[in-house]
Amino acid sequence: MKKIELEIVALSHSITQTHSYAVVLGEINGLRRLPIVIGGFEAQAIAVALERMQPSRPLTHDLMKNFMNAFNVELMEIIINDLQEGIFYSKLVCVSEHDTVEIDSRTSDALALAVRFGCPIYTYEHILESAGILMEDSGKKKKTDIPVQETETAAGPAGVREDLSNMSLEELQTLLNDVLEQEDYIRAITIRDEMNKRRK
């Protein structure tokens, strides 16, 4: 299966949904985005590494990197290799002097390690096809820094779903475009899921 390389393009935080964060991966040389909902701790772990902050004591992912370095294990790449019922699954491809090993990982942990090791992030076409969002090419230059977005959603999860269920696919597509323009990736995930549910 052909791998598609991704990069982290944004980290979003929803004010109204206290513990909801989304890390947004962008297809390199492409217009598709893959938003993934993660927890607050994992969002912090990714943000700390992206901003190159030096905590006074190693965080869990820093400790893991130090441990791997101490035993000459290199993280070569991470692969987001499966999607089941809205949950992404990933694996770490690690190389030592004598062996190459694939280790199952939560996607948020895999991304936190990928940032620390500076290794590539991959996924497969079927995952981008089912969970990706196509961005319009506005001719804007890509962001070079990774902002932590604070975005507000109009309603909580239940309210959003009720509003969406009354909308046509065309209205949902228009709303999705508006929400993406505002970089509210958490609401975009909800709209995308509603559209995918209807197309099945």
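Up top is the structure these notes are about.
A brief report on the enclosed structure follows. Because the structure is predicted, anything quoted here is derived from the model rather than measured.

Quick notes on the rules
Residues numbered from 1 in each chain as written. Predicted model: local features only at pLDDT ≥ 70, side-chain atom pairs only at ≥ 80, totals over all residues. Heavy atoms only, no water. Pairing = 2+ DSSP bridges. Helix = DSSP H or I, 4+ residues; strand = E, 2+ residues; numbered from the N terminus. 1 Å grid on protein atoms, 1.4 Å probe; cavity = no way out; pocket = protein on both sides within 12 Å on 5 of 7 lines; lining within 4 Å. Points joined across faces, edges and corners; volume = space filled by probe spheres on them.

## Re the pairing of strand β6 (residues 100-106)
- With seven bridges joining them, strand β5 (residues 87-95) and β6 adopt antiparallel strand pairing. Residue pairing for β6: Tyr89 is matched across the bridge by Arg106.
- Hairpin connection from β5 to β6: four residues lie between these consecutive antiparallel strands.

## Focus: the pairing of strand β4 (residues 74-84)
- In this structure, β4 lies alongside β5, joined through nine bridges in antiparallel fashion. Along β5, the bridge assignment pairs Leu83 with Phe88.
- A loop of two residues connects β4 with β5, the two strands running antiparallel in sequence, and Glu85 in this loop sits at a positive phi of about 50 degrees.
- As defined by bridge partners, β4 adjoins strand β7 (residues 121-124) across three bridges and the pair is classed as parallel. By the bridge assignment for β7, Ile79 is matched with Tyr122.

## Topic: the layout of surface pockets
- Approximately 580 Å³ is the volume attributed to the second largest pocket.
- If you go around the second largest pocket, you meet 24 residues; those closest to its centre are Leu83, Glu85, Gly86, Ile87 and Phe88.
- Breaking the lining of the second largest pocket down by element, the ones donating at least two residues are β3 (32-38), β4, β5, α3 (107-117), α4 (125-131) and α7 (185-199).

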